[in-house]
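Next come the chains, spelled out residue by residue.
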Amino acid sequence: MPFKRYVEIGRIALVNYGKDYGKLVVIVDVIDQNRALVDAPDMVRGQMNFKRLTLTDIKIDIKRVPNKKTLVAALEAADVKNKWESSSWGRKLIVQKKRASLNDFDRFKIMLAKIKKAGVVRQELAKLKKETTG
Amino acid sequence: MSYKYHQFQVVGRGLPTETDEQPKIYRMKLWATNEVRAKSKFWYYLRKLKKVKKSNGQMLAINEIFEKNPTTIKNYGIWLRYQSRTGYHNMYKEYRDTTLNGAIEQMYTEMASRHRVRHHCIQVIKTATIPAKLCKRESTKQFHNSKIKFPLVFKKVRPPTRKLKTTYKASRPNLFV
């Protein structure tokens, strides 16, 4: 199984530990075997250990250590935000966040919606059963 | 990023006497964990170089030196003198880091691990930022590649906070990226 996601300049990674948990950052340069210089539009450029990063499939085209303006422009041009939110990984994270922030009324609404959906599915199943046995 | 070793600039001189109204002022840049240690280190080194002690000298200034560009990666060369079990040796080491304090911390931990040399047996002679062309060590030169690319081979999955850590897991971890 060859590797598909490489640490390289322009690779988008997700922070999976620490203060910036859940942020998407760009690897802007590699310090050494364990650390990278990462940058994101809303944070000061800093170093991060690879153990705190999970690489994604998205890669943007930047030169080594671009300045902030160029970086933001490149992120816009590659449309990273939309690509991430439409990817299955990104969508799952959004759903997780939504579920964690529900209040009781939302959970009640979800319960009703689930019951309704199950009712519709059962109706269709009953129809199919009648066709095969009848 | 909090660093253990801070860089201080310490300025001091011997006390003025009848024979020497204006003694020479000496300045040193050194690394210590705090100001008190820095002052102590200053007198230690000054004693070895000049005929002056803390009891007949005075501290004029002590300031912490901060990194000017902590967002750029630099190659640091550190010249040091250390005491091994058999004698004193000089060494030159290179580190890639964003700040000099970080590089010094790397040096201390590396000397402790590779040579079993403790912090008090190491004297930093000189430090410098080295341009990429003049780096001598392969381990720093291998990162001087603008198109650097490598995969992360073993990816241990960690719980995102230490609170979610458990001693036992239901299944074996998947280490592939």
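For the structure itself, consult the block above.
Summarised in this report is the structure supplied together with it.

Reading the values: the criteria
- Residues numbered from 1 in each chain as written.
- Chains lettered and ligands numbered in written order.
- Predicted model: local features only at pLDDT ≥ 70, side-chain atom pairs only at ≥ 80, totals over all residues.
- Heavy atoms only, no water.
- Core = buried A, V, L, I, M, F, W, Y, C linked by side-chain atoms within 4.5 Å.
- Buried < 20%, exposed > 50% of the residue type's maximum accessible area, 1.4 Å probe, protein only.
- Contact = heavy atoms within 4.5 Å.
- Buried area = accessible area lost by both parts, 1.4 Å probe.
- Salt bridge = Lys/Arg side-chain N within 4 Å of Asp/Glu carboxyl O.
- Polar contact = N/O pair within 3.5 Å; in protein donor to acceptor, adjacent residues only side chain to side chain.
- Pairing = 2+ DSSP bridges.
- Helix = DSSP H or I, 4+ residues; strand = E, 2+ residues; numbered from the N terminus.
- Axes fitted to C-alpha atoms, helices over the stretch in contact; angles between N-to-C directions.
- Arc of directions from axis to C-beta.

Counting 18 residues, the largest nonpolar core has Val7, Val25, Ile27, Val38, Phe50 and Leu53 of chain A together with Phe150 of chain B as the members making the most contacts within it. Apart from residues no more than four positions distant in its own chain, valine 7 of chain A is found in contact with Ile27, Val30, Phe50 and Leu55 of chain A together with Ile148, Lys149, Phe150, Pro151 and Leu152 of chain B. Counting 17 residues, the second-largest nonpolar core is a separate cluster that includes Leu100, Ile104, Met107 and Met111 of chain B.

Taken together, the 29 residues of chain A in the interface contact 24 residues of chain B. Interface area, chain A with chain B, both sides summed: about 2400 Å², of which 64% is carbon and sulfur. Three residues, Phe3, Tyr17 and Ile31 of chain A, lead the burial of chain A against chain B; their summed loss comes to 24% of the area buried on that side. Of the charged contacts, one joins aspartate 97 of chain B and arginine 35 of chain A as a salt bridge, the two residues approaching to 3.3 Å between their closest N and O atoms. Run the count over chain A and chain B and you get 7 residue pairs in polar contact (both at pLDDT 80 or more).

All names here are of chain B. Spatially, the 3 strands line up as an open sheet ordered β5-β4-β6, and their pairing is antiparallel. Two strands bound the open sheet, and with one partner strand each, they are β5 (88-97) and β6 (122-130). When strand polarity is set aside, the average angle formed by the axes of neighbouring strands in this sheet is 20°. Bridge analysis of strand β4 (residues 74-83) against β5 gives 10 bridges, and the strand direction is antiparallel. Each bridged residue has a counterpart across the sheet, and for tryptophan 79 the counterpart in β5 is tyrosine 92. This element, helix α2 (residues 100-115), spans β4, β5 and β6 of the sheet and lies at about 130° to β5.

Once that is clear, we can look at helix α1 (residues 68-78) of chain A. Residues and elements named next belong to chain A. Those residues of α1 not exposed but buried are Leu71, Ala74 and Leu75. Axial view of α1: buried residues confined to an arc of 100°, hence all on one face. In α1, the exposed residues that point more than 90 degrees away from the buried face are Lys69, Glu76 and Ala77. Looking at the buried positions of α1, the neighbouring elements they touch are β2 (11-15), β3 (24-30), β4 (35-40) and α2 (80-86). Note on α1: the residue one or two positions beyond its end, aspartate 79, has a positive phi of about 55°.

Inspection of the secondary structure puts aspartate 97 of chain B in strand β5. In this structure aspartate 97 of chain B comes out as buried when scored by relative accessible area, which is 1%. Among the polar contacts made by the side chain of aspartate 97 of chain B, one reaches the side chain of arginine 35 of chain A at a distance of 3.3 Å. For aspartate 97 of chain B, the residues in contact, after removing those within four places along its chain, are Ile31, Arg35 and Gln47 of chain A together with Thr72, Ile73, Lys74, Tyr76, Gly102, Ala103 and Gln106 of chain B.

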